[in-house]
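Next come the chains, spelled out residue by residue.
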Amino acid sequence: RYPFGHGLSYTEFSYEDLRLIASNVDCRTGEVVAEVTIRNAGKRRGVAVLQLYVRDKLASVVRPVKELKAFGRVTLEPGASARVSFRVPTDMLGCTCMDGKRVVEPGEFEIMVGASSADLPLKAVVTLTGAPSRPTGTWRMESAFSTK
């Protein structure tokens, strides 16, 4: 009935200025870092939950259209804004191939940020470079969210 992440608020938020720290990131050792400005455009104090979704634009196997990879919560007074940062290790962009093993494939990934899976006003594309990576041992599977 409602999209994933949907919630009600007594104020309105605007999402602005999505920037990727690097547009090309190494498959094996890289990290996608995205920064966004969130602004309370309403007249009441409110809490925004920012969500970052990823879509592999050309994978070797069928993948979901949107995968939630990071999220964070910010409390803002009316008219206030905050610059936030998401950090997503490339291991989190991998998938399980037909042979049953995990792989991080090079290629373009669409980064989408917003309030829910249906409300993603900000978009950018990051390219993973290098040879396909098969994570072994300890996978880097934890994203981070911080306010600047």
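The sections below set out a description of the structure shown in this document. (Residues numbered from 1 in each chain as written. Predicted model: local features only at pLDDT ≥ 70, side-chain atom pairs only at ≥ 80, totals over all residues. Heavy atoms only, no water.)

## Brief notes about unusual backbone geometry
Logical step 1: With a phi close to 55 degrees, D17 is a non-glycine residue in the positive phi region.
Logical step 2: Relative to the elements of secondary structure, D17 occurs in strand β1 (residues 13-20).
Logical step 3: For D17, a relative accessible area of 35% puts it in the partly exposed group. (Helix = DSSP H or I, 4+ residues; strand = E, 2+ residues; numbered from the N terminus. Buried < 20%, exposed > 50% of the residue type's maximum accessible area, 1.4 Å probe, protein only.)

## Quick word on the sheet that holds strand β6 (residues 81-89)
Logical step 1: Read across the open sheet, the four strands follow the order β1-β3-β6-β11; overall the sheet is antiparallel. Edge positions in the sheet fall to β1 and β11 (144-147), since each of these pairs with one other strand and no more. For this sheet, the mean inter-axis angle between neighbouring strands, taken without regard to orientation, is 25 degrees.
Logical step 2: Sheet analysis places β6 next to β11, joined by four bridges and oriented antiparallel. Considered in β11, the bridge of V84 is made with T147. (Pairing = 2+ DSSP bridges. Axes fitted to C-alpha atoms, helices over the stretch in contact; angles between N-to-C directions.)

## Quick word on the pattern of salt bridges
Opposite charge on two side chains allows them to pair when their charged atoms are near.
Logical step 1: Enumeration according to the criterion identifies 14 salt bridges in this entry.
Logical step 2: A salt bridge links E110 to R55, with the nearest nitrogen and oxygen atoms 3.2 Å apart. Separated by 55 residues along the polypeptide, E110 in strand β9 (residues 107-114) and R55 in strand β4 (residues 46-56) bring together distant segments of the chain.
Logical step 3: Judged by relative accessible area, E110 falls into the buried class, the value being 14%. (Salt bridge = Lys/Arg side-chain N within 4 Å of Asp/Glu carboxyl O.)

## Some thoughts on the nonpolar core
Logical step 1: In this structure, V36, I38, L50, L52, F86, I111 and V113 are the most contacted members of the largest nonpolar core, which totals 31 residues.
Logical step 2: Elements with a minimum of two residues in this core: β1, β3 (31-40), β4, β5 (67-76), β6, β9 and β10 (122-129). (Core = buried A, V, L, I, M, F, W, Y, C linked by side-chain atoms within 4.5 Å.)

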